[in-house]
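Given next are the chains, with one letter for each unit.
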2 protein chains.
Amino acid sequence: MIISTKTEYAVRALVEIGKQAEEKPISISDICRKADLPQKYIEQIFRKLKQHRIVESIHGSKGGYMLAKPEKKISLNDIMNAVEENYNAEYCDGNPEHHSHCIGLPCGFHDLWNEIRDHMVDYLKEIKLDYIISRF
Amino acid sequence: MIISTKTEYAVRALVEIGKQAEEKPISISDICRKADLPQKYIEQIFRKLKQHRIVESIHGSKGGYMLAKPEKKISLNDIMNAVEENYNAEYCDGNPEHHSHCIGLPCGFHDLWNEIRDHMVDYLKEIKLDYIISRF
DNA sequence: GCCAATTCCTACTAAATTTCTATGTTATCC
DNA sequence: GGATAACATAGAAATTTAGTAGGAATTGGC
């Protein structure tokens, strides 16, 4: 499956924030209760989302998370890039010492894999959070 | 990474068959020697490729594998479909008893994930083995 | 008929990754 | 000061992926 649990959880949690009409922060525990998600896991995920400026947080009691920018400026690509490990990794540097089958530069396979990844990234950039929310 | 080792191995092995000018079978051991691949693993992969009519085999001594159809009729999608587990799996059937967050049918998330998967499948259908081979 | 080379089959092991929990610390509101 | 929340790190548990072991069945060539 193309979409991992981690990405799905991130999206479901962000949708929960998006559904919140008011401009006040919502806590992880609220999100998880409403969307039936594992709280500690979501905490980790949200720290990554914050590092990538997708959400911002308010510390302490009455604190929580808010979207850091408008829903239409947050794409599925942004979310996956924040949340998935080495989402951006080049498949290979073409160095035969790392991959014995690379006969040299450029390596045809890895150019192809990167081409496929780039296609996917471009597509996912067009799927915005507002579109996702609108489907509910 | 979108492309797994298993798919990469399958492609590299199929390219090796494609490079073979003559219309005679090539053995797994030859393929693995030339492309530096783990033989037993490739054997498994080729059995799946055979089940999906991507290659055909000749038993016994002097036996081996050949492409079952022209290179331009074998797509990356065909290969991944043969080789990757539940490549075709619907993300979810929308049944809340299986996924507690599905509030009903249709389930917006899973329709979206399937939409993304379908986009990817359509793209991968257009990447044919002859194109891949031509890149070397 | 026998041997070598090969496909074919199943079960298992090992490694890596992903998912999730435990146990805190720090910050803020009341 | 207590409650509630974000923030942090380590690691357990589960799942998936990659690879190995050992052999059975099939065929060509001698």
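Residues numbered from 1 in each chain as written. Chains lettered and ligands numbered in written order. Predicted model: local features only at pLDDT ≥ 70, side-chain atom pairs only at ≥ 80, totals over all residues. Heavy atoms only, no water.

Here we look at the protein's contact with DNA strand C
In the vicinity of DNA strand C there are 27 residues, among which A:Lys40, A:Gln44, B:Glu43, B:Ser57 and B:Tyr65 approach most closely. When atoms of DNA strand C within 4 Å of the protein are split into backbone and base, the sugar-phosphate part holds 60%. Here A:Tyr9 contributes a side-chain N or O atom positioned 3.0 Å from a phosphate oxygen of DNA strand C. At 3.5 Å from a base nitrogen of DNA strand C is found a main-chain nitrogen or oxygen belonging to B:Ser61. Taken together, the elements giving at least two residues each to the surface near DNA strand C come down to helix H1 (5–19) and helix H3 (39–51) of chain A together with helix H2 (28–35), helix H3 (39–51), strand E1 (55–58) and strand E2 (64–67) of chain B. Counting residues per element, the surface near DNA strand C draws most heavily on H3(B), which supplies five residues. Class assignment of the residues belonging to the surface near DNA strand C gives a composition of six nonpolar, 14 polar and seven charged. (Near = heavy atom within 4 Å. Polar contact = N/O pair within 3.5 Å; in protein donor to acceptor, adjacent residues only side chain to side chain. Helix = DSSP H or I, 4+ residues; strand = E, 2+ residues; numbered from the N terminus. Nonpolar A, V, L, I, M, F, W, Y, C, P; charged D, E, K, R; others polar.)

What to know about the packing of aromatic side chains
Residues and elements named next belong to chain A. Under the definition given, this model contains six aromatic pairs over all chains. When the ring of Tyr 9 is compared with that of Tyr 41, the centres are 5.9 Å apart and the planes differ by 85 degrees; the resulting orientation is edge-to-face. Of this pair, Tyr 9 sits in helix H1 while Tyr 41 is found in helix H3, placing the two residues 32 residues apart along the sequence. The class of Tyr 41 is partly exposed, set by a relative accessible area of 32%. (Phe/Tyr/Trp six-rings, centres within 6.5 Å; stacked < 30°, edge-to-face > 60°. Buried < 20%, exposed > 50% of the residue type's maximum accessible area, 1.4 Å probe, protein only.)

Considering the protein's contact with DNA strand D
The environment of DNA strand D is made up of 26 residues, and the closest members are A:Lys50, A:Ser57, A:Tyr65, B:Lys40 and B:Gln44. Near the protein, within 4 Å, the atoms of DNA strand D are sugar or phosphate in 64% of cases. At 3.5 Å from a phosphate oxygen of DNA strand D is found a side-chain nitrogen or oxygen belonging to B:Tyr41. B:His59 is positioned with one of its side-chain polar atoms (N or O) 3.4 Å from a sugar or linking oxygen of DNA strand D. At the level of elements, helix H2 (28–35), H3, strand E1 (55–58) and strand E2 (64–67) of chain A together with helix H1 (5–19) and H3 of chain B are the ones that each hand at least two residues to the surface near DNA strand D. Per-element accounting of the surface near DNA strand D gives the leading share, five residues, to H3(A).

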